[in-house]
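# Residue-level structure breakdown
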Amino acid sequence: MINELMSILSHEPLAEDTYRLVLHGKMVHEIKEPGQFVHIRMDGFYLRRPVSISDYDPLNETITLIYKVMGDGTEALTKQNHSLEVLGPLGQGFPIDQIHANHALLIGGGVGVPPLYSLAKQLRRKGVSVTSILGFRSKEEAFLLEDFEALGDVHITTENGTLGRCGRVTDVLSEMAGNCDMYFTCGPTAMLKAVANDLPDTPGFLSMEERMGCGIGACFACVVPSKDEKGYKRICCDGPVFRAEEVVL
Amino acid sequence: MNLSIKLPGLSIKNPIMPASGCFAFGKEFSQCYDLSELGAVIMKAATKEKRFGNGTPRVAETASGMLNAIGLQNPGVESIIRDEIPFLKEKGVPIMANVAGRTVEEYVCVTERISPYVDAIELNISCPNVKEGGVQFGTHPQLAGEVIEQVVQVSHVPVYVKLSPNVTDIVEMAIAASQAGASGLSMINTLTGMKIDPKTRTPVIANGTGGLSGAAIKPISIRMIHQVYQAVDLPIIGMGGIESAEDVLEYLLAGASAVAIGSANFKNPFICKEVIDHLPKTLERYGFSSVEQAIGGVHHEKAGSHLLRS
Ligand SMILES: Cc1cc2nc3c(=O)[nH]c(=O)nc-3n(C[C@H](O)[C@H](O)[C@H](O)COP(=O)(O)OP(=O)(O)OC[C@H]3O[C@@H](n4cnc5c(N)ncnc54)[C@H](O)[C@@H]3O)c2cc1C
Ligand SMILES: Cc1cc2nc3c(=O)[nH]c(=O)nc-3n(C[C@H](O)[C@H](O)[C@H](O)COP(=O)(O)O)c2cc1C
Ligand code: FES
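What you see is a predicted model; the values in this text were computed from it and never measured.

A few words on the pairing of strand 10 (residues 153–158) of chain A. Residues and elements named next belong to chain A. With six bridges joining them, strand 9 (residues 129–136) and strand 10 adopt parallel strand pairing. Bridging across to strand 10, G135 finds its partner in T157. As paired strands, strand 10 and strand 11 (residues 165–166) are joined by two bridges and run parallel to one another. Bridge pairing in strand 11 places T158 opposite C166.

Here's what the structure looks like:
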């Protein structure tokens, strides 16, 4: 974990209210696995903003983030063009080295899609087949479709039916789940819960969100109940990625 | 530059410590710097049994600060003694244990158990985020006096009482603590606040209210320390919104003998170390040759002498 003033290599709109931000710096060398996140500090905001690492490239020393404007902080982020103070990499991602699967099902909802991208690439590199279900509110808000299509089958759902199937990711889940032996999902907690309930017999990993204070495990803002003796996990440092059976949603 | 300071139970090499609840038990921050650089560490609150705390969301951002309602989540006093204190001991940093409870018995029991392992107790009668105990004791001078008296009796080390700013008369509380046998004061805990989300028409924090901390509360804390310094003869550990060495100096001048840095650790996990590094130059810039010399400075100033300084 380091705190680094990273330079901004590019910062451009990717979809409606959604931006891709490419940062350059040494932090990339500390990333252990896909699904870790960074904590961004901006002038005028007391708390940092957590954003997942969507992709990273140690050779060119870049980290790619994809974020959606949700409030004042992410709105202010869109105005940054020179450099950014970033703490990271934080948390535990998808344990790519320990994953043994033949066919992975990736289920992403909205801004839960970005961290699944570098996971998908690394799964493919290990020879794992990848099928993705990506859910968005509308066609205008959809992103990374071609990037995922280059890695395997992709099924899109939109809430207003402007692209792919009208509905939610869970509406197509049962059709896809059959030949997959492991799933990976990131999105709103309600979606994670629905996915975990629909796939009780398939081993899976969930990437969770919660409001954070420190982002490093010290303040206990981000807890989720767990099934072990301790009774809780901190999303920022024990997660954000958990085995589905570890946490109580 | 002499940064060291001697307080009851604490001989510290500089006046900077992380505030309770903002540093857990130090392990996370030991990735950032060597904890032995700190004057002392104030641990997260300890209760008798483990506590899971409140529902989430537990934090919200505010103008120049934040609200929190963690709800004293902690693994319980036995686990803290067994699993957390040895790590801090190994780092060679003085330790203060923050003690919380629902009843006088719980405060007494936790103090009895934990005080042999630490250098001082910070008695938390000021947490606004739990239904029972906590701030109930911290807003009534008589209740405060009773719990402090009993805790002081069983404690193996000096007891600092952490005062709540959620009172009309802070001096009255400080006097009660002093009369009940406290060795020092810790000021201030968070101020009860609320933030409402217009989209959902509900409070952002699951608990409804939360404790306000950060730069926003610094003027309140400075004012209270300024008042209390004149009224009681106890050393004060000052806290509330400290983010720089200048802030530390302001606290010293108001009457604090040492300070604690809380929420700013979230913004910048290296903050305590950075403030320690900047402190000598800052003291020097304002004409001080030690920390000791600056304590209570505002009260020692003669009428009109500031004109010569500026
Ligand atoms: C581990 C993790 C990874 C994330 N990855 C991404 C990502 O890759 N892309 C993306 O677009 N978003 C991501 N988010 C969500 C993102 O952090 C929030 O959308 C963002 O903090 C909103 O800030 P704001 O100031 O615009 O909104 P406001 O609502 O004004 O924020 C107010 C406060 O609430 C917090 N907050 C609000 N919504 C969330 C949320 N959903 N999760 C956590 N904190 C929140 C903010 O950090 C801030 O402290 C992630 C969240 C977490 C916890
Ligand atoms: C997330 C959080 C948790 C806290 N937990 C405790 C606690 O367990 N015991 C306590 O006495 N004070 C606790 N506090 C209060 C701080 O120790 C401190 O008094 C207060 O935050 C003011 O300092 P600051 O403005 O530097 O944060 C907590 C504060 C925060 C922000
Ligand atoms: S955000 Fe502080 S413990 Fe997770």
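Still to come is the rest of the account.
Once that is clear, we can look at the sheet that holds strand 11 (residues 191–193) of chain B. Within a sheet, each strand pairs with its neighbour through backbone hydrogen bonds, oriented either parallel or antiparallel. Residues and elements named next belong to chain B. The sheet built from four strands is open, its strands ordered 5-6-14-11 with antiparallel pairing. The open sheet terminates on both sides in strands that have one partner only, identified here as strand 5 (59–62) and strand 11. Each strand of the sheet is rotated relative to its neighbour by a mean of 35°, with strand direction disregarded. In terms of strand pairing, strand 11 meets strand 14 (residues 210–213) through three bridges, oriented antiparallel. Bridged to T192 within strand 14 is G211.

What follows covers the sheet that holds strand 8 (residues 120–124) of chain B. Residue and element names in this part refer to chain B. Spatially, 3-16-15-10-9-8-7-4 is the arrangement adopted by the eight strands of the open sheet, whose pairing is parallel. Every interior strand has two partners, whereas the edge strands, strand 3 (16–18) and strand 4 (41–42), have only one. Both strand 9 (residues 159–162) and strand 10 (residues 184–187) contribute to a ladder of three bridges, which runs parallel. Bridged to V161 within strand 10 is L185.

Residue and element names in this part refer to chain B. Taken together, the neighbourhood of ligand 2 is formed by 24 residues, with S20, K162, G214, G241 and S263 sitting nearest. In the model, an oxygen atom of ligand 2 is placed 2.8 Å from a nitrogen or oxygen of the S20 main chain. Here a nitrogen atom of ligand 2 and a side-chain polar atom of N124 are 3.1 Å apart. Relative to its unbound accessible area of 600 Å², ligand 2 is 98% covered by the protein chains. At a threshold of 2 Å from the grid points, most atoms of ligand 2 map onto the largest cavity. Partitioning the shell around ligand 2 into residue classes produces nine nonpolar, 13 polar and two charged.

Glancing now at the interface of chain A and chain B. Taken together, the contacts link 27 residues of chain A with 34 residues of chain B. When the buried area of chain A at its contact with chain B is split by residue, A:Y46, A:R211 and A:F220 rank highest and sum to 31% of it. The interface formed by chain A and chain B contains two salt bridges. Connecting chain A to chain B are nine residue pairs in polar contact (both at pLDDT 80 or more). When grouped by side-chain class, the residues that make up the side of chain A that touches chain B number 15 nonpolar, four polar and eight charged.

With that settled, consider the UniProt feature "binding site: substrate" (unreviewed entry) in chain B. Residue and element names in this part refer to chain B. Per the UniProt annotation, the sites labelled "binding site: substrate" (unreviewed entry) are K44, N68, A69, I70, G71, L72, N124, N189 and T190. Of the annotated set named above, K44, N68, I70, G71, L72, N124, N189 and T190 line the largest cavity. What G71 contacts, discounting residues up to four positions off in sequence, is G53, N54, N129 and V130. Within the element layout of this structure, T190 appears in the loop between strand 10 and strand 11. Apart from the residues within four sequence positions on either side, T190 is in contact with N68, P128, P165, N166, G211, L212 and S213.

What follows concerns the domain arrangement of chain A. Residue and element names in this part refer to chain A. Taken domain by domain, chain A consists of domain 1 (2–90) and domain 2 (96–209). Computed from C-alpha coordinates alone, the two centres of domain 1 and domain 2 are separated by 22 Å. Across the contact, 15 residues belong to domain 1 and 15 residues belong to domain 2. If you look at where domain 1 meets domain 2, you find two salt bridges. Of the charged contacts, one joins E141 and K68 as a salt bridge, the two residues approaching to 2.3 Å between their closest N and O atoms. The interface formed by domain 1 and domain 2 includes six residue pairs in polar contact (both at pLDDT 80 or more). Mapped onto the side of domain 1 that touches domain 2, the elements with two or more residues apiece are strand 1 (2–15), strand 2 (18–24), strand 5 (55–57) and strand 6 (62–68). In terms of residue class, the side of domain 1 that touches domain 2 is built from six nonpolar, four polar and five charged.

So, how was this worked out
Residues numbered from 1 in each chain as written. Chains lettered and ligands numbered in written order. Predicted model: local features only at pLDDT ≥ 70, side-chain atom pairs only at ≥ 80, totals over all residues. Heavy atoms only, no water. Pairing = 2+ DSSP bridges. Helix = DSSP H or I, 4+ residues; strand = E, 2+ residues; numbered from the N terminus. Axes fitted to C-alpha atoms, helices over the stretch in contact; angles between N-to-C directions. Near = heavy atom within 4 Å. Polar contact = N/O pair within 3.5 Å; in protein donor to acceptor, adjacent residues only side chain to side chain. Areas by Shrake-Rupley, 256 points an atom, 1.4 Å probe, with all protein chains shown as cover. 1 Å grid on protein atoms, 1.4 Å probe; cavity = no way out; pocket = protein on both sides within 12 Å on 5 of 7 lines; lining within 4 Å. Sits in = over half its atoms within 2 Å of the grid points. Nonpolar A, V, L, I, M, F, W, Y, C, P; charged D, E, K, R; others polar. Contact = heavy atoms within 4.5 Å. Buried area = accessible area lost by both parts, 1.4 Å probe. Salt bridge = Lys/Arg side-chain N within 4 Å of Asp/Glu carboxyl O. UniProt positions renumbered as here; feature names shortened; annotations may be inferred. Domains from an automatic or database assignment.

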